Amino acid sequence: MKQVDAQNPAPLWLDGWYQFAGHVASPNFGPRPPGSKPELIVVHAISLPPGRYGGPEVEQLFTNQLDWDQHPYFESIRGMTVSSHFYIHRQGELVQFVSADDRAWHAGVSSFRGRSNCNDYAIGVELEGTEDGPFEDAQYETLAVLCAAVLQRYCVTDLAGHEHVAPGRKTDPGPGFDWRRLQRSLGLPPERFPEGTCS
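Bear in mind that the values here come from a model prediction, so they are computed numbers and not experimental data.

Throughout the structure, instances matching the rule amount to eight salt bridges. We note a salt bridge from Arg78 to Glu75, for which the minimum N-O separation is 3.0 Å. Relative accessible area serves as the criterion here: at 38%, Arg78 is assigned to the partly exposed category. Linked by salt bridges that have partners in common, Lys37, Glu39 and Arg115 make up one network.

The structure is reproduced here in structure tokens:
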């Protein structure tokens, strides 16, 4: 068991890595453009293949180790190089792939409130799930703690879903995600979330 030094506690963040996440480094990242810093949290949903939970496929995708021939669905994403800063399993386990100081490849072609290229200034959080299904209590609990830690460390002003930054192209996390629950957990005003999600 990890010993906690009450006199000299470990920092919550170290070079953009969150100490309460498991760390699995992804090669799919790059530096943020000069002057860009995390100002947005983008919530996603992912499962591979869609609707199947508990396997290693998502982590394999983010680390370029997915066997494309393992399942017919993977042919549709063959060769894709993507990542996210964080991934929350159904049981609430948190994994980090990219330092929050760096640019992960999660949002793609995107914009939010008139500002394009969300990857440049966003932190991506993937929830194990589908865009048409509910999420688990443990995931909401982990997400709320993580978002609070991000808000404490970075000057994040807004939270949104992939569907809000890439409308017409993406639909996750979808109608099964409870934005009001997250808003209440964080104690933030509705204005910091996409219009209509917390009303």
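The discussion continues.
On to the side chain of Ser110. You can see Ser110 is positioned in the loop between strand S8 (103-104) and strand S9 (111-112). Looking at Ser110, its side chain comes within polar contact range of the main-chain oxygen of Gly108, at 3.0 Å. A distance of 3.1 Å separates a polar side-chain atom of Ser110 from the backbone nitrogen of Cys118. Leaving out residues up to four positions away in the same chain, Ser110 has contacts with Arg115, Ser116, Asn117, Cys118, Asn119 and Val165.

Rules used throughout
Residues numbered from 1 in each chain as written. Predicted model: local features only at pLDDT ≥ 70, side-chain atom pairs only at ≥ 80, totals over all residues. Heavy atoms only, no water. Salt bridge = Lys/Arg side-chain N within 4 Å of Asp/Glu carboxyl O. Buried < 20%, exposed > 50% of the residue type's maximum accessible area, 1.4 Å probe, protein only. Helix = DSSP H or I, 4+ residues; strand = E, 2+ residues; numbered from the N terminus. Polar contact = N/O pair within 3.5 Å; in protein donor to acceptor, adjacent residues only side chain to side chain. Contact = heavy atoms within 4.5 Å.

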